Amino acid sequence: MIEFNDVTYSYREEDHNALDHISLKFRRGEWTSVIGHNGSGKSTLVKLLMGVLEGYTGEIRIDGEVLTEENLQDIRRRFAIVFQNPDNQFVGATVEDDVAFGLENNGVERDEMVRKVEEALRAVNMLEFRTHEPSRLSGGQKQRVAIAGALAMEPDLLILDEATSMLDPQGRRDVLEILGQIHKDKMTTIIYITHDLAEIGVSDHAVVMKDGSVINEGTVDEIYHDTEALISSRLVLPFTIWMADRLLEGCYMLYDELVERL
Amino acid sequence: MLSKMLLGRYIPGTSLVHRIDPRAKIIAVLLFMIIVFFANHWTGYLLLILFVLSLTKLAGLSLIFLFNGLKLILLLIIFTFMMHLFFTKGGTVLVDAGWFTIETEGIIRGVYITIRLAMLILITTLLTLTTSPLSLTDAIERICRPLKALRVPVHEIAMMMSISLRFIPTLMDETEKIIKAQSARGSTFMTGSLRARLNALTPIFIPLFISAFKRAEEMAVAMEVRGYHGEKGRTSYRVLDWQFKDTAVIIMMVLFGIVLFMIRQ
């Protein structure tokens, strides 16, 4: 569905490439996690996709169509993104205003808007807070509102750019649970960007990035299996994986491997 | 003291005054600002006072509460009263201390001006106390819409206002955090000469500004990817619903003005 073909990008003030000849595929209906340490280029990836950053080489194709200036508005209408900082993406003065913001921008009729806002808030369990101001919400609640704002647009693709990294454990759990529900119910394609290996468990596919390159890619099992790639990209292994790795080399087995050994 | 300040604050409620369309309230307050100058006799002033007091009652706010919140403004009112007391001449001389005199006309004018000022402040405070900043912004946007013909960017200004309002609590929290962080590093803000205290504010404002710019940038990106491209083709989630009671408010205000005008002497 989304294809990065040999994409290279560098920030003006830096001499190395933030993305270095990246080729990647994100498939429709899948939950893809992109894992990487700070500065690995994982956020740059989505910024290019959403047209926030310009001036890269290579091409990005969406459903076979090359991303250009002309179809960017249309793409933004179909993709929704939730950023890291809960405060800095809350545009509306109240919860429902914020959820409606994207709909307003796209000129949706008011009656339809009211219905969609309500539906989206219900999906993230925030309906009872609809008239609240952002200053009265916790970080996790604000992120749930941001997700509702994204859902209200009925996007083909939902991108979460470190959306849980500023939340407390409870907020993190809530957000992940809701995302799982949405992914299951609506088959929404999800790109989940994180540096926390413990959060990738639910994804269908995962990509490990380091210094602007993809160093490993596969199912979650395959990712966990290759601990070397994870350690070399300075990621913190989840405790159980670390333990298994220490106790016995190659203890984290793929399914086939396990069957064979048994 | 700041927590008691009422200027610009909003007290949520469900009274009739709260429920009037914000556009009607703004127009009524503007009318009142003109009407205040119709009164030139004690009956007129009495009516003004009664009018504002009954509005306060209707809004479910207590006078003591208002008075406490407006103490700072009181200084201004007393000052204007004093100016009239000492410098307006006419009528019989009450006090003659050689280098200054107090005359009856001075007292009367002073009292009248005081009432005018106090009523103006009260009614505008009532407006902000009973109307959320958000609906005020909405109302101002709608009222100013005709200015668009003169190329005034009404929508953009309203958008900026509502985002600023939304960020006030966020930046307040941030300021508090920075003050704590700097205090923990040994900064003192409450002691020393005025100069020293002003200097001590620098380590608060610089981080605050940096983070505000960072927030603004992130906010701009978030708005952009959510499809914000100015006013063109945009619909509005919030609607203002002008009802009969709102027209009635304006009519009442006009009638009140006419009555005050009739009893002029």
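Everything discussed here concerns the structure shown above.
First things first, this report covers the structure right here in the doc.

How each quantity is defined
- Residues numbered from 1 in each chain as written.
- Chains lettered and ligands numbered in written order.
- Predicted model: local features only at pLDDT ≥ 70, side-chain atom pairs only at ≥ 80, totals over all residues.
- Heavy atoms only, no water.
- Helix = DSSP H or I, 4+ residues; strand = E, 2+ residues; numbered from the N terminus.
- Expected span 1.5 Å × (residues − 1).
- Buried < 20%, exposed > 50% of the residue type's maximum accessible area, 1.4 Å probe, protein only.
- Phe/Tyr/Trp six-rings, centres within 6.5 Å; stacked < 30°, edge-to-face > 60°.
- Lys NZ or Arg CZ within 6 Å of the ring centre and 35° of its normal.

A word on helix 5 (residues 139-152) of chain A
Working step 1: The end-to-end C-alpha separation of helix 5 of chain A is 20 Å, in line with the 20 Å expected for 14 residues at 1.5 Å each.
Working step 2: Taking burial as the measure, the 14 residues of helix 5 of chain A include 13 buried ones, the bulk of the element.

Describing the packing of aromatic side chains
Working step 1: Per the stated rule, a full pass over the model turns up 9 aromatic pairs over all chains.
Working step 2: A ring pair is formed by Phe-38 of chain B and Phe-261 of chain B, whose centres lie 5.1 Å apart and whose planes are at 70 degrees; its orientation type is edge-to-face. A residue pair is termed long-range when its members are at least 10 positions apart, and Phe-38 of chain B in the loop between helix 2 (22-35) and helix 3 (42-58) and Phe-261 of chain B in helix 10 (residues 244-262) qualify at 223 residues.
Working step 3: Residue Phe-38 of chain B is classed as partly exposed on the basis of its relative accessible area, which comes to 23%.
Working step 4: On the basis of relative accessible area, Phe-261 of chain B is assigned to the partly exposed category, the value being 48%.
Working step 5: The rings of Phe-32, Phe-51 and Phe-256 of chain B are connected pair by pair, giving a single aromatic cluster.
Working step 6: When the ring centre of Tyr-237 of chain B is taken as origin, the NZ or CZ atom of Arg-110 of chain A, which lies over that ring, is 5.6 Å away.
Working step 7: When the ring centre of Phe-167 of chain B is taken as origin, the NZ or CZ atom of Arg-166 of chain B, which lies over that ring, is 4.1 Å away.

Focus: unusual backbone geometry
All names here are of chain A.
Working step 1: Backbone geometry at Asp-63 places phi at a positive 50 degrees, although glycine is not the residue there.
Working step 2: By the secondary structure assignment, Asp-63 is in the loop between strand 4 (57-62) and strand 5 (65-66).
Working step 3: Under the relative-accessibility criterion, Asp-63 is labelled partly exposed at 41%.
Working step 4: The residue Asp-211 is not glycine, and still its phi comes out positive at about 45 degrees.
Working step 5: Along the chain, Asp-211 turns up in the loop between strand 9 (205-210) and strand 10 (213-218).
Working step 6: Judged by its relative accessible area of 45%, Asp-211 is partly exposed.

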